[in-house]
Number of protein chains: 6
Amino acid sequence: MFLPLLFTIFLLSSSSSAHASALDFCVADPSLPDGPAGYSCKKPAKVTVDDFVYHGLGIPGNTSNLIKAAVTVAFAPTFPGVNGLGISIARLDLAVDGVVPLHTHPGGSEILYVLEGTICAGFISSSANTVYFKTLYKGDVMVFPQGLLHFQFNSGKTLAVAIVSFSSPTPGLQITDFALFANNLPSEIVEKVTFLDDAQVKKLKGVLGGTG
Amino acid sequence: MFLPLLFTIFLLSSSSSAHASALDFCVADPSLPDGPAGYSCKKPAKVTVDDFVYHGLGIPGNTSNLIKAAVTVAFAPTFPGVNGLGISIARLDLAVDGVVPLHTHPGGSEILYVLEGTICAGFISSSANTVYFKTLYKGDVMVFPQGLLHFQFNSGKTLAVAIVSFSSPTPGLQITDFALFANNLPSEIVEKVTFLDDAQVKKLKGVLGGTG
Amino acid sequence: MFLPLLFTIFLLSSSSSAHASALDFCVADPSLPDGPAGYSCKKPAKVTVDDFVYHGLGIPGNTSNLIKAAVTVAFAPTFPGVNGLGISIARLDLAVDGVVPLHTHPGGSEILYVLEGTICAGFISSSANTVYFKTLYKGDVMVFPQGLLHFQFNSGKTLAVAIVSFSSPTPGLQITDFALFANNLPSEIVEKVTFLDDAQVKKLKGVLGGTG
Amino acid sequence: MFLPLLFTIFLLSSSSSAHASALDFCVADPSLPDGPAGYSCKKPAKVTVDDFVYHGLGIPGNTSNLIKAAVTVAFAPTFPGVNGLGISIARLDLAVDGVVPLHTHPGGSEILYVLEGTICAGFISSSANTVYFKTLYKGDVMVFPQGLLHFQFNSGKTLAVAIVSFSSPTPGLQITDFALFANNLPSEIVEKVTFLDDAQVKKLKGVLGGTG
Amino acid sequence: MFLPLLFTIFLLSSSSSAHASALDFCVADPSLPDGPAGYSCKKPAKVTVDDFVYHGLGIPGNTSNLIKAAVTVAFAPTFPGVNGLGISIARLDLAVDGVVPLHTHPGGSEILYVLEGTICAGFISSSANTVYFKTLYKGDVMVFPQGLLHFQFNSGKTLAVAIVSFSSPTPGLQITDFALFANNLPSEIVEKVTFLDDAQVKKLKGVLGGTG
Amino acid sequence: MFLPLLFTIFLLSSSSSAHASALDFCVADPSLPDGPAGYSCKKPAKVTVDDFVYHGLGIPGNTSNLIKAAVTVAFAPTFPGVNGLGISIARLDLAVDGVVPLHTHPGGSEILYVLEGTICAGFISSSANTVYFKTLYKGDVMVFPQGLLHFQFNSGKTLAVAIVSFSSPTPGLQITDFALFANNLPSEIVEKVTFLDDAQVKKLKGVLGGTG
């Protein structure tokens, strides 16, 4: 049978294509420099299917904390296969009374699918500060546009779980309270830029471990 | 109390900001022309929270068909809130022996989360035709890079369900078999460009309703 | 002289180029539908130089308000020439003790140039909530990365003025306080997602005109 | 045979996919508004294969003009199928002594393939004004990075022909001489911004039909 | 003459511009790490005009193979000057009865120009599986939208040659038959995801060198 | 007080988020390789607020040169904080009779704000070579679309100063005269591609230090 040989010839004559298509994907290698578009790529020869598979999201997060919530993320570089692909995923566990406080994702939009329980979720537009919020039940989906303040909390009487995806491998997560109260931004500046009372600011700095 | 008045003045002096930020989101209005970046935007005043919420994915798809599978999608414009946001979502139901045949999404990458059951999923790189496939269990995640051929099938003994998200509001879905056998592309062309035997092509055209 | 005639022939033979290059720019026509990439384009024949020129930023904004500040913006569509160009501009006036409260621009990065006075400006990263802030003097520049919480306030004893540019014709402006307190988001939800005390929330709702 | 029926059920259950994938392509409909991302899309039902095929480039352009050259372009919307696809094409005919004068394409990079003859082509970087130029023969390829000044002229003794492609459906074409001398930009401004002598400017305005 | 000196002063005062515009282009240096946006850049001082010129496409490809076709590509990094520029090029030789089998380019759209002979070319949309195909003659152009299955074959009685350009420096090339039959994807999986008969799969695996 | 501890638990459970959001910004580290999307990122731990602040634009540029103008730029990597952010800034000083000669920015659009004096500014479209120019006074803004030829000159009787921002951290600056006359591009090629007279070309090469 001479056909395989002939195909080999064809393949050789287009061999530079093989090099070019090294960019089918770019599995993150965090040991190399990163740039504005993401992490450098692992050498294709070292890539395995396990770079594209993530196991951590089947396990409930630990909600034994103040907010009774856990966000378990599969972003680059922890999940190296998503690097450069414009997508990532996370799991959200909300115990009864659990809440994901007001936050933004600076780098991407979010889509949420309710796996279990009842979640009240909403976002606020920057135009006229309109609020869009809704109680979501198992199987419901809600989308949160890029960069806008949003929140989710358990509005039912049982555990709530959701799967959330993002339009970026590194969407970021900026929780407003943590940004204000969990660092060393001086209280007087916090008060100046939020109009919050001094007592309120100091109380929350105390809770969240902030100083200044 | 005079403060609200003063804020109103502030708001008026920055009133063009409100117009500008009309582009926080662009809920699809399919009655208007669409363009390369997506659908035209619904007037902000007519947007409601229901534009950002989708209810259809909680319902199992009907798998009483040849492939014993159903893909239920929430893409723009059916789910108008995702228009322009770089994300969308779908539900995959795979009965025992169900399969999502070999396919691509021309417009985006995919991330899959297994809700129930056992799924064997894989993709093929264009470089050297390397295959990456894996058996996935409840809670596992797999990512499929943009434009590459991939597949999913139930490799367990119970119903399997997955939630899949895409890095585009309109990722498209091109099932190779449907592209080849479910239309009027003449059999002789199909055979020429696939090296399939005439009998094989005619058999599958018969199954899939193709002519020519 | 026969040369002009010959050039005319050349121009005719490449006449479709003229149509194509209609997309040199896309001056916003807000009377037509907008889409995810911006406003529809005004017909080139109706475009004049005044579409690319904006006069409003030479005039000090009115800072006789609670925050003693004014932001005067030249975004699309108020400044139609920037539509589609990835840039826009605004003027910031800060009276003594004036402040631009904590805010984000969901759609772009910002660069600030101090025209007069002394401004303390800062932003907070989403990674580890690190704060980057600095006192800026006349002629200093500071850049604020896309989507991150930031603020500016007058830290001197005279009026401060800045020119700020954005990497988007419609960057948006989401002031955290307005998002929380200037709308009808119920107080109990505000409290749940911010951990603020009820009295604090009601006080600020009162100031900013919020209800619920 | 019951299989086609079952497939139909499958197809119906995923019917919103069909809507979504309307954005496989966006054939230009210039009768509708255009936007920053390109022309509005023709309704898919009216699209035919002829929207994706262009016949005009097989015909030599008329080089009986001053520059002894012709550029025949297939850009959107003249070639409606390329709208939104990031690519377009043109044909370049250079009679003996023919020249495509110094120019830029504001919207894209260019790649040139020599079909016949000998062409001297070059571009100038903005960094240090380095010139990169080379004599190209039949079968040679040269790439011109986006936005940089470049030129091509026949450096042989026979007709030269090239096919050029662009990384945009509407790359634009700005010939420096035409920008300076083929319009009503006052001579004194032309001289001020180019340092050209008054006689030189007036001579070229005469040749190219400029006024002022 | 003192003018050159004065210009030098001007140039020095804007010297950081020179550094900045190092990004006029980014010639690939494959010895450095690559990332999602492409290869790292060669130091500008080492760049020569030959990085932007490619000589290989003037030579007919070897069509003495099963498919009687050859695709000779000039993609990054083989053609380092196209890195980062959104464009690349290839040559297609089709002997009589030659065929480029059904394939996609995951990373870009394609535009084809017929240099010689007669080519039947087509693509299949993901929406409703509509086929768009046409016989193309010398000088005809056809565009193939990103990510869609397409094919080309010689439909004349003489050699056919085409030049094809892509909207990416690394468009990739995924030939469906090679993806299915030229690797170690187990036959039972191939059959499951394609509905092809076992004999057909084994026959083509034999021809294309696949195992399993 | 046990709350901080509980929050710490929450923070640990989402610790991969912290890694992911390393891409909030990408401060340029020019000692590492650069790529098509910009410079590699400095390690976040080494980033300080001074990476985001630039002091050089408060100082008037030296206009004691032929063009009586100075452009002082804050582009990446000189201003490392803008890397990857889609924005940069510069200062323009125009003494009486000063001029920024005809030029383009290959990589971005520009927006200009007049700080002092009177500036005549304009750009030329590639479609029909239409000129858009206007005299601008203190406080006026003008936008120049990407890649189009434009100019600015002092049209008043006092010093003029402007702040200009760009939609790219590395917009580039290609002054047409420098591209033609300040390098070793042979005079005969300059003349061929511009139609300028030999004497004119040699005069300007003399002024600008060109050879050949």
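First, a word on scope: everything that follows refers to the structure included in this document. Just so it is clear, the model here is predicted, and its values are computed rather than measured.

**Remarks on the interface of chain C and chain F**
Piece 1. With 51 residues of chain C in contact, the opposing surface of chain F contributes 51 residues.
Piece 2. Both sides of the chain C and chain F interface together cover about 4,000 Å² of buried area, and 69% of this is carbon and sulfur.
Piece 3. For the chain C face of the interface with chain F, the top three residues by lost area are Ile87, Tyr113 and Tyr132 of chain C, together amounting to 14%.
Piece 4. Put simply, chain C and chain F have two salt bridges between them.
Piece 5. Notably, a salt bridge pairs Asp50 of chain C with Lys134 of chain F, separated by 2.5 Å at the nearest N-O pair.
Piece 6. For the interface between chain C and chain F, the tally reads 19 residue pairs in polar contact (both at pLDDT 80 or more).

**Regarding the packing of aromatic side chains**
Piece 1. One pass over the full model with this rule turns up 58 aromatic pairs over all chains.
Piece 2. Taken together, a centroid distance of 6.1 Å and an interplanar angle of 15° make the contact between Phe151 of chain C and Phe153 of chain C stacked. The pair formed by Phe151 of chain C and Phe153 of chain C is uniform in burial state, with each residue classed as buried.
Piece 3. Ring geometry for Phe123 of chain D and Phe25 of chain E: centres 6.2 Å apart, planes at 75°, overall edge-to-face. Taken together, the residues span two chains, with Phe123 of chain D in strand E8 (residues 119-124) and Phe25 of chain E in the loop between helix H2 (15-20) and strand E1 (34-35). The same class applies to Phe123 of chain D as to Phe25 of chain E, namely buried.

**Digging into the side chain of Asn183 of chain E**
Piece 1. By the secondary structure assignment, Asn183 of chain E is in the loop between helix H3 (176-181) and helix H4 (187-194).
Piece 2. Reaching out from Asn183 of chain E, the side chain makes a polar contact with the backbone oxygen of Ala179 of chain E at a distance of 2.8 Å.
Piece 3. Not counting chain neighbours up to four residues away, the residues in contact with Asn183 of chain E comprise Ile124, Asn129 and Val131 of chain B together with Phe178, Lys205, Gly210 and Thr211 of chain E.

**Considerations on the interface of chain A and chain B**
Piece 1. Counting from both sides, the interface comprises 51 residues of chain A and, opposite them, 51 residues of chain B.
Piece 2. In this structure, the connection of chain A to chain B is made through two salt bridges.
Piece 3. Where chain A packs against chain B, one counts 19 residue pairs in polar contact (both at pLDDT 80 or more).
Piece 4. Looking at the side of chain A that touches chain B, the elements that each hand over two or more residues are strand E3 (53-54), strand E5 (88-94), strand E7 (110-116), strand E9 (131-136), strand E10 (141-144) and strand E12 (160-166) of chain A.
Piece 5. Among the elements that line the side of chain A that touches chain B, the one with the most residues is E9 of chain A, at four residues.

**Quick word on the sheet that holds strand E12 (residues 160-166) of chain B**
Piece 1. Spatially, six strands are ordered E3(A)-E10(B)-E7(B)-E12(B)-E5(B)-E4(B) in an open sheet, and the strand pairing comes out antiparallel. Both outer strands of the open sheet, E3 of chain A together with strand E4 (69-74) of chain B, are each paired with one neighbouring strand and no more.
Piece 2. As judged from the six bridges shared by E4 of chain B and strand E5 (residues 88-94) of chain B, these two strands associate in the antiparallel manner. Each bridged residue has a counterpart across the sheet, and for Val73 of chain B the counterpart in E5 of chain B is Ala90 of chain B.

**Comments concerning the pairing of E10 of chain A**
Piece 1. Side chains Val141 and Val143 of chain A project from E10 of chain A onto one buried face, and the interleaved Met142 and Phe144 of chain A project onto a second face that is buried too.
Piece 2. The pairing of E7 of chain A with E10 of chain A spans four bridges and is antiparallel. If you follow Leu112 of chain A over to E10 of chain A, its bridge partner there is Met142 of chain A.
Piece 3. Where E10 of chain A meets strand E3 (residues 53-54) of chain B, two bridges bridge the pair, whose relative direction is antiparallel. Each residue of the ladder has a partner; that of Met142 of chain A, found in E3 of chain B, is Val53 of chain B.

**So, helix H5 (residues 198-208) of chain E**
All names here are of chain E.
Piece 1. All buried positions along H5 are accounted for by Gln200, Val201, Leu204, Lys205, Val207 and Leu208. Down the axis of H5, the buried side of the element spans an arc of 160°, and every buried residue falls inside it.
Piece 2. Of the residues one or two after H5, Gly209 is the one with positive phi, at around 85°.

**Details of the packing of helix H4 (residues 187-194) of chain A against helix H5 (residues 198-208) of chain A**
What describes two packed helices is the angle between their axes and the distance between those same axes.
Residue and element names in this part refer to chain A.
Piece 1. Close contact between H4 and H5 brings their axes to 10 Å; oriented N to C, the two are set at 120°. The orientation of H4 relative to H5 falls into the category oblique. Pair H4 / H5 crosses with right-handed handedness. Contact with H4, carried on its side by Ser187, Val190 and Glu191, involves Asp198, Val201, Lys202 and Lys205 of H5 and no other residues of that element.
Piece 2. Partitioned by chemical class, the residues of the contact of H4 with H5 number two nonpolar, one polar and four charged.

**Things to note about helix H4 (residues 187-194) of chain B**
Residues and elements named next belong to chain B.
Piece 1. Counting buried positions along H4 gives six out of eight residues, so the element sits mostly inside the fold.
Piece 2. Listed as buried for H4 are Ser187, Ile189, Val190, Glu191, Val193 and Thr194.
Piece 3. Phi turns positive one or two residues past the end of H4, at Phe195, with a value near 65°.

What counts, and at which threshold
- Residues numbered from 1 in each chain as written.
- Chains lettered and ligands numbered in written order.
- Predicted model: local features only at pLDDT ≥ 70, side-chain atom pairs only at ≥ 80, totals over all residues.
- Heavy atoms only, no water.
- Contact = heavy atoms within 4.5 Å.
- Buried area = accessible area lost by both parts, 1.4 Å probe.
- Salt bridge = Lys/Arg side-chain N within 4 Å of Asp/Glu carboxyl O.
- Polar contact = N/O pair within 3.5 Å; in protein donor to acceptor, adjacent residues only side chain to side chain.
- Phe/Tyr/Trp six-rings, centres within 6.5 Å; stacked < 30°, edge-to-face > 60°.
- Buried < 20%, exposed > 50% of the residue type's maximum accessible area, 1.4 Å probe, protein only.
- Helix = DSSP H or I, 4+ residues; strand = E, 2+ residues; numbered from the N terminus.
- Pairing = 2+ DSSP bridges.
- Arc of directions from axis to C-beta.
- Axes fitted to C-alpha atoms, helices over the stretch in contact; angles between N-to-C directions.
- Parallel < 35°, antiparallel > 145°, perpendicular 65-115°, else oblique.
- Left-handed = near helix turned anticlockwise from the far one by under 90°.
- Nonpolar A, V, L, I, M, F, W, Y, C, P; charged D, E, K, R; others polar.

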